[in-house]
Structures are given as structure tokens and as C-alpha cells.
Amino acid sequence: MHDIPTDTSFLEMMDILNEMLIEKGEEPVTFDHDCREGICGMCSLYVNGHPHGPATGATTCQLYMRRFKDGDTITVEPWRSAAFPVIKDLMVNRNAFDQIQQAGGYVSFQTGGAQDANAIPISKEAADEAMDSATCIGCGACVAACKNGSAMLFLSAKVSQFALLPQGKAEAKRRVKAMLAKMDELGFGNCTNTGACAAECPKNIKLSNIARLNREFLCAKCSD
Amino acid sequence: MWLTNSSVGRKVVMSVTGLFLVLFVTFHALMNAVAIISFEAYDAICEFLGANWYAVLGTLVLAGGFAIHIIYAFWLTLQNRKARGNNRYAVTTKPKDVEWASQNMLVLGIIVCCFLILHLVQFWAKMQLPELMGEHIMRGQDYLQATFSQWWVLPVYLIGFAALWFHISHGFWSAFQTLGTANDKWIPRWQCISKWWASIVFILFAVEAIYFTLHFTGVINC
Ligand code: HEM
Ligand code: SF4
Ligand code: FES
């Protein structure tokens, strides 16, 4: 491609590419995207050997063409993992993540009047940790980066965001068992702690979440 | 059973057997060191660990630990290959935080396993096994001599030790992470302890093998 301004985002570059292809009468390249501001997790592109490209702590849609040198060849691939089948070109089916979420990634609330927000004391550390874990956007880059096709980083973020807060404690045991069982059933791999997931995660979800997930699971199993 | 049908359960088996093997190799390395100080003391240890009920029981538990670790290693790796799928990336990179050993645990384990078989043939099959069958055996140091007076043994042993270094340097901290006994502070600490532990085990074994080779080939006389 020629004359791509450096302040073009990666997905805009893909748009330009597709317009070119359409003008030439060729089929455009299918790729996923939605928010284009790093919150939906749809832009699942594996760019030059990195999920979400070479930038750290950023999604593909937050990647700019100034990252690349003039004349560079850029290799763009879909996520490659058995649990994320490719639908077309660069678009994969990440429905497996939705199924894991549905298995327990929620808290149940009683109906009735809302109580005062400060009635339950929560330490700043716990609140911050929970918030950090909750920044996971479910993009699947962790699975794409993992040589074992494991979804443990994603699952650990989803379990941690509740496990750390009093609101999540009530269902903690059921949640971790159900979500882990669903993840295993869907054919994700066994984590061997290589850490490629955390290194490539656009939201910098930390590896320590996986230790917390295992702790939660082992405690739940021990009290069965 | 959750130790077989959940991924975390399977990893727990892997980590507990792995840590057990780490303890074993550590004791083994310390025991060999006795031979550097005194061959007579080494002979005594060999006799103590011969055809006695506690030594046989220990051997059985150890063999069980190895068997479970190896069976789970192949099982987990096969599952992981399947989860990864058949499509390979055209371009791959290794993030700098990712240890090489962590991505090659099975290969490293297989090298350790080959070394282990050789080592068992050279020692166990000539020491505890015949003794159990009621045959008369020699002193511990005679088997050291028979093995280490051959020059090819040293490089082969060093390759085995190196593979073990890599395997433990990742395996040790990974086991604590798997068991949930890690957090932001402890992950780097365990990683540091892993490297140290693996290095101490490696240095002990290597120094012992080098000493035995030099001693039994007659290069040094002490
Ligand atoms: C004295 C010998 C050995 C020691 C001390 C040892 C130790 C360990 C430890 C501590 C772990 C980490 C467990 C975890 O990540 O939770 C591990 C993992 C592993 N070991 Fe070994 N091991 C030994 C022999 C072997 C052998 C003979 C094989 C294979 C033939 C093997 C294959 C593996 C594999 C594939 C893993 C990674 C599994 C995973 O992380 O899920 N190991 N080992
Ligand atoms: S843990 Fe990170 S890489 Fe994995 S799904 Fe969440 S945001 Fe994406
Ligand atoms: S398009 Fe929503 S995160 Fe990139």
C-alpha cells in the first residue's frame, strides 16, 4: 500500500486497503472491530507476531501506522487457536469466552431498596486490584499468544474481579468451579505459566491473577 | 475426580510431583557430595540405601512420582497441542519476559528422562536391583569408578544436568504459581529462588561428576 499517513490507525489502514480492493473489484478483507477505542476487544488481529501488534498495553485499534517504517512488510493474521475457529479471513469466533462468562461471570443481587454505597467497607488495595482485573476486555489475545491455547489469564481476570470484592464472595466457590469447568469443556489448554499472555495483554492483566484463580479453585475444592 | 478432569487439578498433580522430584534431586546431589569428602562414608550410604525395606519403599514412592509426572507431562502436552490447533502463525515472536525453558518443558523432560535411564542402567541396575535378587554386590565407590573412568560419561552427564537446570529453573516457580502460593511480590521471588536452586543443584552434580572423572581416570590423585 502507498501513502498511508503516519497518524492513520491500523484499522483505518485496513479500511483504506479494503476500499482499494473494492475499487479494483476484488473482495475486501474481513476483520472484526467495533468501538475503535480499546474497550470492546473486537479488533483481534495478530500483527507481525504479536496479538494487537507491537505496541504494549494497547489494542489493534489503538495502534498507529507511525509504529512501522516506510516500506515495511506487515503480516496480519487471525488468532490461531482451536477454541477460536476462523470465520473468514481475520475474523474468528470468540463465542467460547461468552460461554465461560455465562457459566458464572456475574453476581446475583437481591431485589429491594439499594443500600448506601459505603455500607460495605472495601479496602483501597482490594478495590484497585479488582478494578485492574475488571479492565480485561475479553479480546482473546492471551489465548492467541499462548502456545497451549490456554484461556487462564482471561478466566483469572474474570474470577479475580469478583473474588476480591465482598459482593462477589457469596458465589465465589460456585463461580470458580463452573467457569473453570466450562473453560476446560470448550477445549482450551492447560496453563504452563509461560507468561506470554500477560506480556501480550493489551490491558496489562497480571500473571498473579492466575495464582489467585488457582487459589480460589483449590479452596473451593477443599471445602466441597 | 478433579485431579484428572480439571485443568487446574492436572496442573496440581504436575506441580506436586515436580516439587517432590526437586526435593529428591537435591538430596541426591547432597548425598553424592559425601563421596568427594570420603569414599568410605559414601560406601556406607550406598549400603544404607541398599536392599533395606525403607530404601525399597523409598524407591517405589520415587518411581511412582516419576511415573505420574511423566504420564501427566505427555497427557498435558498432548491436550495443549490440541488446544493450540493445527494452524501455525506465519510470524512468531517470543516476548522477552517468556523463559525459553517454559516453552520447552517436555523436550527438556525427555532429555532428563533419557539421562535417567542411562544413569539407572549404570548404577541402580548394578546396585539395588541385584542386591534385591540376593546377589553379592561391590562397594558404592566401585560403581563410581566403573562409570566415571570412561571419558564419554562426563559430557553426557553434563548435558543431562544442563537440561535439568533449565527444567527446574522454570518448573520450581511454576509449581508455586500453580499451587496458588504466589502474588505480585512472590512471583519474582520464586523466580529468583528457582534460578538459585537449579544452579546449586547443577553445580553440585557437575562438580561431583568432574571430580569423579578426574579421580578415576587418574588425572588427579586426591
Ligand atoms: C528429576 C526430574 C524432574 C524434576 C525435578 C521435574 C520437576 C518439574 C517441576 C517442578 C515442574 C513444574 C510443575 C508446574 O508447572 O506446576 C515440572 C513440569 C514439567 N515436567 Fe518435570 N521434572 C522432572 C522430570 C521430568 C520428565 C522426565 C519429564 C518428561 C518426560 C518432565 C516433563 C515435564 C513437563 C512437560 C512439565 C510442564 C508441565 C506443565 O507445566 O504443565 N519432567 N517438572
Ligand atoms: S486477559 Fe488481556 S488478553 Fe486476555 S482477554 Fe482479557 S484483555 Fe484480552
Ligand atoms: S475495536 Fe474495540 S477494542 Fe479495538
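Conventions and cut-offs
- Residues numbered from 1 in each chain as written.
- Chains lettered and ligands numbered in written order.
- Predicted model: local features only at pLDDT ≥ 70, side-chain atom pairs only at ≥ 80, totals over all residues.
- Heavy atoms only, no water.
- Helix = DSSP H or I, 4+ residues; strand = E, 2+ residues; numbered from the N terminus.
- Buried < 20%, exposed > 50% of the residue type's maximum accessible area, 1.4 Å probe, protein only.
- Contact = heavy atoms within 4.5 Å.
- Areas by Shrake-Rupley, 256 points an atom, 1.4 Å probe, with all protein chains shown as cover.
- Phe/Tyr/Trp six-rings, centres within 6.5 Å; stacked < 30°, edge-to-face > 60°.
- Donors = N, O, S within 2.8 Å, 3.2 Å for Na, K, Ca; no water.
- Tetrahedral: all angles 85-135°; square planar, octahedral: opposite > 155°, others 65-115°.
- Near = heavy atom within 4 Å.
- Polar contact = N/O pair within 3.5 Å; in protein donor to acceptor, adjacent residues only side chain to side chain.
- Nonpolar A, V, L, I, M, F, W, Y, C, P; charged D, E, K, R; others polar.
- Buried area = accessible area lost by both parts, 1.4 Å probe.
- Salt bridge = Lys/Arg side-chain N within 4 Å of Asp/Glu carboxyl O.

Glancing now at the overall build of chain B. Each helix and strand in chain B was counted, giving 9 helices and 0 strands. Secondary structure elements in chain B, listed N-terminal to C-terminal, are α-α-α-α-α-α-α-α-α. With respect to the three principal axes, the spread of C-alpha positions in chain B is 55 × 40 × 35 Å. The buried share of chain B, taken over its 222 residues, is 45%. Sequence separation of 24 or more characterises 76% of the internal contacts of chain B that already satisfy a separation of 6 or more. In the structure as shown, chain B presents an accessible area of about 11,800 Å², 73% of it carried by carbon and sulfur atoms.

Looking now at the packing of aromatic side chains. To describe a pair of aromatic rings, one takes the distance between the centres and the angle between the planes. Residues and elements named next belong to chain B. This model, assessed by the stated rule, comprises 27 aromatic pairs over all chains. Taken together, a centroid distance of 6.0 Å and an interplanar angle of 85 degrees make the contact between Y157 and F161 edge-to-face. Highlighted residues: Y157 and F161, both in helix 8 (residues 153–178), separated by 4 residues, approximately one helical turn. When the ring of F172 is compared with that of F176, the centres are 5.2 Å apart and the planes differ by 55 degrees; the resulting orientation is tilted. Of this pair, F172 and F176 are both found in helix 8, 4 residues apart, which corresponds to roughly one turn of the helix. With respect to class, F172 is no different from F176; both count as buried.

It is worth spelling out the coordination of the iron atom of ligand 1 at this point. Residue and element names in this part refer to chain B. Only H69 (NE2) and H167 (NE2) from the protein coordinate the iron atom of ligand 1, and they sit 2.0 Å from it. Taken together, the 6 donor atoms surrounding the iron atom of ligand 1 define angles of 87 to 179 degrees at the centre, an arrangement classified as octahedral. Taken as a pair, H69 in helix 4 (residues 53–84) and H167 in helix 8 lie far apart in primary sequence, 98 residues in all. Pair check on accessibility: H69 and H167 agree, each one buried.

A separate point is the site of ligand 1. Lining the immediate environment of ligand 1, one finds 29 residues, of which K11(B), S15(B), H69(B), H167(B) and S174(B) sit closest. With respect to ligand 1, its neighbouring residues span chains A and B. Within the side chain of H69(B), an N or O atom sits 2.8 Å from a nitrogen atom of ligand 1. Mapped by element, the contributors of at least two residues to the shell around ligand 1 are helix 2 (7–37), helix 4, helix 5 (105–122) and helix 8 of chain B. It is helix 2 of chain B that provides the largest number of residues to the shell around ligand 1, a total of 8 residues. Within the shell around ligand 1, the residues separate by chemical class into 18 nonpolar, 10 polar and 1 charged.

The next point concerns the site of ligand 2. Taken together, 14 residues lie around ligand 2, and C136(A), C139(A), G140(A), C142(A) and C201(A) are the ones closest in. Secondary-structure elements contributing two or more residues to the shell around ligand 2 are helix 4 (141–145) and helix 5 (152–163) of chain A.

Quick look at the interface of chain A and chain B now. With 44 residues of chain A in contact, the opposing surface of chain B contributes 40 residues. On the chain A side of the interface with chain B, the three residues burying the most area are R80(A), N190(A) and N193(A), jointly 21% of the side's total. Where chain A touches chain B, the interface holds 1 salt bridge. Here K206(A) and D184(B) are joined by a salt bridge, their closest N and O atoms 2.8 Å apart. Where chain A meets chain B, there are 25 residue pairs in polar contact (both at pLDDT 80 or more). Among the elements of the structure, helix 7 (172–185), helix 8 (196–200) and helix 9 (208–222) of chain A are those that each provide at least two residues to the side of chain A that touches chain B. No other element matches helix 9 of chain A, which puts 8 residues into the side of chain A that touches chain B. Looking at the side of chain A that touches chain B, its residues break down into 19 nonpolar, 16 polar and 9 charged.

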